[in-house]
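In case you want the letters, here they are:
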Amino acid sequence: MLFNKNSRIFKEPYIITALIILSIMLFLAIFAPFITEYKPNATNPRNRLQPPSSEHFLGTDEFGRDVFTRILYGIRASLQVGFSVVILTLIFGVFIGVLSGFYPKLDRIIMRILDGMMAFPGIIIAISLAAIWGGGKINIILALSFAYFPKMARIVRSSVISIKDLEYVESARAVGAGDSYIIFKYILRNAASPILVQATFNFALAILDEAALSFLGVGIMPPAPSLGGMITDARSFMTVAPWLIIAPGLMIIFSVLAFNLLGDGLRDFLDPHLRGKIN
Amino acid sequence: MKEVLILKKSIFIITILLLIMMTFSTAAQNETEGVYGGRLNAALKMSAPHLDSDNSTDSQITAMMNHVYEGLFEFDENLQLQPHLAESYSVSDDGREYIVELRQDVMMHNGEKMDADDVLASFERWVNINGAGNLIKPYFDQAEKLDDYRIRFKFEEPYAPFLNIMASPVSNQKFVVRAKEIIDVFGDNVINRHVGTGPYQVKEWIPDQNLSLVRFEDYSPNQMEASFFAGKRTPYLDEIVLNFITDAQVRVSGVQTAQFHFAEEVSRDQYQLFEADANINTQIIYPDQMAVFVTNNGIAPFDNKYARKAMVYALDLEEMGFSMVGNPDFWRLEPSLHEEGNPWYAENVGEGIYNVYDPDKARELLEKADYDGTPLVILSGQDSQVERQGAIAIKDQLERIGIEVELQLFDRPTVVERRSELEGWNIHLSSFIKTVPDPQIHQGWTGTNKWITNWNSEESREMDAIFERMVREVDYDQRYQIVEEFYEKMWETVPYFNMLDYSRLHITRAELKNFEPAWQTFFWNTWLEE
């Protein structure tokens, strides 16, 4: 099994590093209210732009808000967006990809539409949708999911096409198995590896793009904390209060790095050819 | 022998004195005489949709086109009205008739001399389509040409602020003289070929990118002493390029790297850094901006004066100053709509309510106003630091006393569109120019239910009556009493209020000389030195 405690997955250095970083982030996000005594949006302007101190671990921003607290809640927002986008992308991507890969007649129509969507960079689609629907967490999740699902669908389709003509699928069909049984029992199980890898990359991409959208002013609406929004706000103060931009910037780097490492690690681990080379 | 010695001593002393005088006079001459030539690059904070001030309420258009167009009258640095394209003027005793004599030597960019036909065509257009011109319309009778250089403006009723409004530095209000030939071509439509009398003419206009102006070689300056917008304008610079750079930090970097000679409105928190840089001069614009708290008085809860008053008590204005502007050297608490020293400044207005932070009183007043707890919507711009940060700070302060608030931050055009609607918003923040020379120039004063507050009740009609008397009263003392009456009514009903005054900070390169920090930026009389 993939996650058996004796599995070699826990010996992959990329995966171990990623899991450590992600565990810390998850811990900070979940237990934020217990880790810090400050509220993320509580202002104290008389105490603005204070450098890091024992009272304010990462200093204060232009409203006198505790930067460390806002980062904790910002991570929470990033993880929420990333997780939601991955789930929605999986649901729609897998559904469309299976339909397309399994039923050739549908394939021609669906793939042409998805090709059209993929002609535009995902971030451009997300910015356009966010600008039309307005900012806010839910709109951002929907916009990013819409932007990412075509790629997921294409990956699923490729896997389905390569699996559906294999002997064991033919055998199942010969003994009278229905389409849905074949899809769930044989095809999706064997297509899980590329889907899983793509999902982790989508997680990283969603965090990065959420930061980009917030940076551009169409993401999570202020005063709610978000890592990208914090960087936007910090631009005007970066020369007098550099901690405002360094801390959220580092957090974005670490979170994206962690998910990319996880994706790379899983790909290496799940791909027998690559694993062979590594070993 | 003694006489010879005395003579020698006298000659020596006189020579020394002459030398000293020559040295000082040369220094003085160097200070006032500039260097011709060079191209100035300026970074302005925002672009404009077009360059026709009569067809927009955007003050940026007037600020840029002050180089191209001039007024019959302009304000000097003491906010005193001075004839500019006008040579002189006279007002009849009953205040209904103004005779304006024009300067006869003024060349326009088309090579023609400016005369009464150009002024009349421009004035007719201004009255028809400019917001300030529209205000005059109900009182105005006619403008007639007495000869090529004399015009009579006749009013049906006395209209006290006429000259001040014509020279107004607020928004798009100023009346400027355009060539009749372009008005004949464009009529009331947006003008995109510009022929004025100013020291510079339009070379190229690339929307959202830049506006290039070149020196008008045949410019005919007013010969009065230069003082802000009035007096002699000397176009030392060959070319002025006004670049539109929306990101403040990019404007700052541009000046630091000598890409730009001027950056408009930069962060006041970086003041110490700029001061320490020998290549940069800081230009503080005397508190000329007001951060105005505007309520939508057309719908609940702010259709009730107690709810509006509650907002004044609910806000810690000092805290607002730190949030909106930051550095306390750049803001001050001031309830009057005119600055101290202005003839219309009123002391002690808003006493007992302004800057009296009392959350309990606020809750009590909201209860009296039957406020049902529906979340209040703050509509504010996200392009302006003051408005954006002010909105966030207000949300936090109101939530602290238990009021639920929804924050809506948009770009400027969206905010302007949404605030023009009766529904959908409750609170709006807006920045207004403080330095206005007449109580009626200010948009907030020019009407009640006509303005964005949607105020339309018995109280607003009483306020309209006060405005009406203010318009007709030409005697300063009598008019000042009406202004005091206005303030009393204003703080009794609070249709809107000034939270604080704040200064703007521009920066210039050290090589840009003789820059004057005026309320609208101009580059005549400035020059570049290597």
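Residues numbered from 1 in each chain as written. Chains lettered and ligands numbered in written order. Predicted model: local features only at pLDDT ≥ 70, side-chain atom pairs only at ≥ 80, totals over all residues. Heavy atoms only, no water.

A. Region of the structure containing the environment of A191 of chain A. Residues and elements named next belong to chain A. If you trace the backbone, A191 turns up in the loop between α8 (179–190) and α9 (192–215). Since its relative accessible area comes to 0%, A191 is described here as buried. A C-alpha to C-alpha distance of 9.5 Å links A191 and R157, two positions 34 residues apart in sequence. Those residues in contact with A191 that sit more than four places away from it in its chain are S159 and I163. (Helix = DSSP H or I, 4+ residues; strand = E, 2+ residues; numbered from the N terminus. Buried < 20%, exposed > 50% of the residue type's maximum accessible area, 1.4 Å probe, protein only. Contact = heavy atoms within 4.5 Å.)

B. Seen up close, the sheet that holds strand β5 (residues 97–102) of chain B. Residue and element names in this part refer to chain B. One open sheet accounts for four strands, arranged β4-β5-β7-β6; its pairing is antiparallel. At either margin of the open sheet sits one strand with a lone partner, and together these are β4 (86–91) and β6 (140–147). Neighbour-to-neighbour, the strand axes of the sheet open up by a mean angle of 15 degrees, direction not taken into account. Both β4 and β5 contribute to a ladder of five bridges, which runs antiparallel. Following the sheet pairing, S90 is matched in β5 by I99. Seen against the sheet, helix α3 (residues 116–129) touches β5, β6 and β7 (150–155) and runs at an angle of roughly 170 degrees to β6. (Pairing = 2+ DSSP bridges. Axes fitted to C-alpha atoms, helices over the stretch in contact; angles between N-to-C directions.)

C. Structural detail: the interface of chain B and chain A. Across the boundary between the two partners, chain B contributes 24 residues, which contact 21 residues of chain A. Across the interface of chain B and chain A, roughly 1900 Å² is buried in total on both sides, 54% from carbon and sulfur atoms. Summed over the three residues of chain B that lose the most area to chain A, namely D269, F322 and I392 of chain B, the buried surface amounts to 24% of that side. Inspection of the chain B/chain A interface yields six salt bridges. For R388 of chain B, the salt bridge is made with D233 of chain A, and the minimal N-O distance between the two is 3.1 Å. Remark: the boundary between chain B and chain A carries nine residue pairs in polar contact (both at pLDDT 80 or more). Looking at the side of chain B that touches chain A, the elements that each hand over two or more residues are α10 (317–324), α12 (385–400) and β15 (405–410) of chain B. If you tally residues by element for the side of chain B that touches chain A, the top one is α12 of chain B, at eight residues. (Buried area = accessible area lost by both parts, 1.4 Å probe. Salt bridge = Lys/Arg side-chain N within 4 Å of Asp/Glu carboxyl O. Polar contact = N/O pair within 3.5 Å; in protein donor to acceptor, adjacent residues only side chain to side chain.)

D. Fine view of the pattern of salt bridges. Under the definition given, this model contains 49 salt bridges over all chains. Between R152 of chain B and E144 of chain B there is a salt bridge, with its nearest N and O atoms 3.0 Å apart. Because the salt bridges share partners, they merge into one network encompassing R46 of chain A together with D316, E318, E319, D396 and R400 of chain B.

E. A look at a negative patch on the surface. On the surface, a cluster of negative charge is made up of E364, E367, D370 and D372 of chain B. Relative to the elements of secondary structure, E364 of chain B occurs in helix α11 (residues 359–368). (Patch = residues over 30% accessible without salt bridge, like charges linked within 9 Å, V, L, I, M, F, W, Y side chains within 5 Å. Areas by Shrake-Rupley, 256 points an atom, 1.4 Å probe, with all protein chains shown as cover. Lys, Arg positive; Asp, Glu negative; His and termini not counted. Charge placed at Lys NZ, Arg CZ, Asp CG, Glu CD.)

F. Representation of the nonpolar core. Residue and element names in this part refer to chain B. Grouped together as the largest cluster of nonpolar side chains are 83 residues, with contacts concentrated most on L398, F486, F497 and M499. Counting contributing residues, this core receives three or more from each of domain 1 (41–261 + 511–528) and domain 2 (286–504). Beyond its immediate stretch of four places on either side in the chain, M499 contacts A291, F293, L315, L317, M320, M324, L333, Y354, I394 and L429. Core analysis: the second largest hydrophobic core is formed by 73 residues, M108, F153, A167 and F244 among them. (Core = buried A, V, L, I, M, F, W, Y, C linked by side-chain atoms within 4.5 Å. Domains from an automatic or database assignment.)

G. Molecular detail of a nonpolar patch on the surface. Residue and element names in this part refer to chain A. Together, L26, F27, I30, F31, F34 and I35 make up an exposed nonpolar region whose accessible area comes to about 620 Å². Contributions of two or more residues to the nonpolar patch are made by α1 (13–30) and α2 (32–35). A total of three residues in the nonpolar patch trace back to one element, the largest contributor, which is α1. For I30, the location among the structural elements is in helix α1. In this structure I30 comes out as partly exposed when scored by relative accessible area, which is 47%.

H. Up close: the confidence of the model for chain A. Confidence in the prediction of chain A, expressed as mean pLDDT, is 89, and 95% of residues score 70 or more. Model confidence for chain A, summarised as mean pLDDT per element, is weakest for helix α12 (residues 272–278) of chain A at 56 and strongest for helix α3 (residues 67–102) of chain A at 95. (pLDDT = per-residue confidence, 0-100.)

I. Examining the domain arrangement of chain B more closely. Residue and element names in this part refer to chain B. Once the domains are mapped, chain B shows domain 1 (41–261 + 511–528) and domain 2 (286–504). One C-alpha centre belongs to domain 1, the other to domain 2, and the line joining them spans 30 Å. Taken together, domain 1 and domain 2 are joined by one salt bridge. In this structure, R472 and E157 form a salt bridge, with 2.7 Å as the shortest nitrogen-oxygen distance. At the junction of domain 1 and domain 2, the tally comes to five residue pairs in polar contact (both at pLDDT 80 or more). Grouping the amino acids of the side of domain 1 that touches domain 2 by side-chain chemistry returns 13 nonpolar, four polar and one charged. (Nonpolar A, V, L, I, M, F, W, Y, C, P; charged D, E, K, R; others polar.)

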